[in-house]
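Tertiary structure, described
Each chain is listed here by its residues.
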Amino acid sequence: MIEQLPQAFLNQMRALLGPNFDNFFLTYQDEPARAARFQYGQPENLEQIPWEENARYIPFDSSLGQSIEHEAGAFYIQEPSAMLPARLLSPKASEKVLDLCAAPGGKATQLAQIMQNTGVLVCNEPIVSRAKILSSNIERMGVSCAIVTQSYPEALAQRFPDYFDKILVDAPCSGEGMFRKNPEVIGEWSQNSPETCARRQSDLLDCAAQMLRPSGKIVYSTCTFNEIENEGVIKDFLSSHPEFATVDTVINGLKTSKGCIRFYPHTVKGEGHFACLLEKSKLISANNLQLVSTTKKTSKYAPPHEKTTKVLSEVKRLVRLEKIGGQVQLFQNSYVLSPIELEMFEGIKLLRLGLHLGKFKGKTFIPDHALARALPAKHIIPLSKEDAYRYLYGEELGIISCNISKVQFVVVSYQGLPLGWAKIVGDRLKNHYPKGLRKALR
Ligand code: SAM
């Protein structure tokens with residue numbers, strides 16, 4: 001792949017790195033590092049990622065992405081350096097967080113994990129096909145505090161002035177840091193790409209600034225080495241936003257400088273990445289005057305009290321709901337438990353609103369797949385590996401031994417991981433794994 005690297009890119013890197021250029025250049029002979037971020041316990045035999053306590057390096061030729069455990073959301077395969085920005089932002093449980101450029105969802109699901117699935121996590125992606133993948137990854141990883149929007153940032157900024165505690169702007173960029181991992185990106189690069197990208201990146205940061213509350217924090221990140229898109233964008237932003245300053249911090253020994261940190265493949269075990277931590281001053285913003293109300297007690301999309309009670313009692317028959325808060329609302333003909341009112345998003349396209357609970361078909365409550373992934377089920381039928389493969393492929397299964405025949409819906413599991421719903425019909429388990437997710441893993 002070294003021969004594919006554009007001469008203009010190499011000249012730029014030589015100027016940037018000086019005597020370190022040769023070390024950098026040599027890394028293009030190596031395979032890129034791979035990693036997975038685990039949700040339930042860490043495999044002790046794998047090396048930990050220094051900046052993400054829940055993640056481990058995995059072998060380059062690992063087939064973990066094709067496993068039942070992957071389908072069940074036990075882990076997310078994520079480029080190691082890409083795990084830095086969410087840790088730099090370090091959202092707290094119960095905060096209101098926006099991931100402005102969120103697809104496919106590596107950092108969004110990482111943010112949810114750091115937030116312990118509490119608070120409000122708005123994950124946005126303007127490209128419809130990518131937003132669908134984002135929504136599906138949110139569901140696979142059992143995230144219940146997320147809202148998935150498909151919007152351009154300008155429209156979001158109008159709805160949410162001064163609203164979020166923390167915002168991640170993982171901006172689309174020229175991708176120079178990913179040349180080794182995804183050589184196909186090289187063909188899309190030209191000497192003009194960084195300037196074009198920088199204009200869009202500045203617009204994204206402007207929108208983020210409007211949506212951040214006073215004293216809130218933004219992490220701006222890219223996967224490029226280019227100074228125009230990194231320090232250049234930050235410099236322009238600071239000069240046009242005097243209410244912001246960079247903040248220095250340390251993550252497990254890694255220090256930022258003027259708020260910024262750079263990863264190169266010759267300095268860390270990972271690809272190229274840039275991140276910068278910014279803080280908005282405490283001053284009262286003029287935007288406060290237009291702040292969308294968040295104090296509303298009941299959404300107009302909340303069903304009548306009796307219906308809410310019925311939905312919750314159906315849900316409680318199926319899963320343990322104790323630890324999760326929010327309001328039951330009707331969203332796209334389904335009941336959801338959302339940390340935020342649906343009317344907050346008027347005019348914004350929504351793909352997901354909190355935890356999708358299910359819907360009634362006649363008198364029967366059909367639980368949503370997301371419910372099986374997010375909360376512990378009351379009735380679980382463990383499957384053998386063979387049957388787990390068959391379930392994920394969409395096949396109907398026979399019940400091996402089960403004394404819960406009166407319960408219609410059960411969760412089938414593999415090695416303690418919930419796979420999804422099945423309905424007991426006589427001595428058969430009718431498959432309720434969503435059709436769009438079914439696949440042959442063997
Ligand atoms: N944060 C993601 C993750 O960790 O999985 C990766 C984000 S990727 C670097 C940038 C994303 O921004 C892409 O999915 C791209 O479609 C999206 N994007 C493109 N134009 C955008 C815009 N104007 N506003 C917001 N996002 C945009």
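First, a word on scope: everything that follows refers to the structure included in this document. (Residues numbered from 1 in each chain as written. Predicted model: local features only at pLDDT ≥ 70, side-chain atom pairs only at ≥ 80, totals over all residues. Heavy atoms only, no water.)

It is worth spelling out the site of the ligand at this point. Around the ligand sit 19 residues, and of these C101, G106, E125, R130 and D170 come closest. Note that an oxygen atom of the ligand is positioned 3.3 Å from one of the backbone N or O atoms of A103. Within the contact set of the ligand, an oxygen atom lies 2.6 Å away from a side-chain nitrogen or oxygen of R130. Protein coverage of the free-state accessible area of the ligand, which is 600 Å², stands at 86%. Elements supplying a minimum of two residues to the shell around the ligand: α5 (106-114) and α8 (193-211). When its residues are assigned to classes, the shell around the ligand shows 12 nonpolar, two polar and five charged. (Near = heavy atom within 4 Å. Polar contact = N/O pair within 3.5 Å; in protein donor to acceptor, adjacent residues only side chain to side chain. Areas by Shrake-Rupley, 256 points an atom, 1.4 Å probe, with all protein chains shown as cover. Helix = DSSP H or I, 4+ residues; strand = E, 2+ residues; numbered from the N terminus. Nonpolar A, V, L, I, M, F, W, Y, C, P; charged D, E, K, R; others polar.)

What follows covers the packing of aromatic side chains. Tallied over the full model, the rule gives 21 aromatic pairs. Seen in terms of ring centroids, F38 and F75 are 5.5 Å apart; in terms of plane orientation they differ by 50 degrees. Their pairing is tilted. Of this pair, F38 sits in strand β1 (residues 34-38) while F75 sits in strand β4 (residues 75-77), and the two are 37 residues apart along the sequence. On the basis of relative accessibility, which here comes to 8%, the residue F38 falls in the buried class. In this structure F75 comes out as buried when scored by relative accessible area, which is 3%. Ring centres of F360 and F365 lie 5.2 Å apart, and the angle between their planes is 65 degrees; this geometry places the pair in the edge-to-face category. Taking the relative accessible area as the measure of exposure, F360 reaches 19% and is therefore buried. Through a chain of ring-to-ring contacts, three or more aromatic side chains come together here, namely F9, F21, F24, F25, Y28, F179, W189, F225 and Y264. Looking at K269, its charged tip hangs above the ring of Y57, at a distance of 4.3 Å from the centre. Note that K307 overlies the ring of F360, its terminal NZ or CZ placed 4.6 Å from the centroid. (Phe/Tyr/Trp six-rings, centres within 6.5 Å; stacked < 30°, edge-to-face > 60°. Buried < 20%, exposed > 50% of the residue type's maximum accessible area, 1.4 Å probe, protein only. Lys NZ or Arg CZ within 6 Å of the ring centre and 35° of its normal.)

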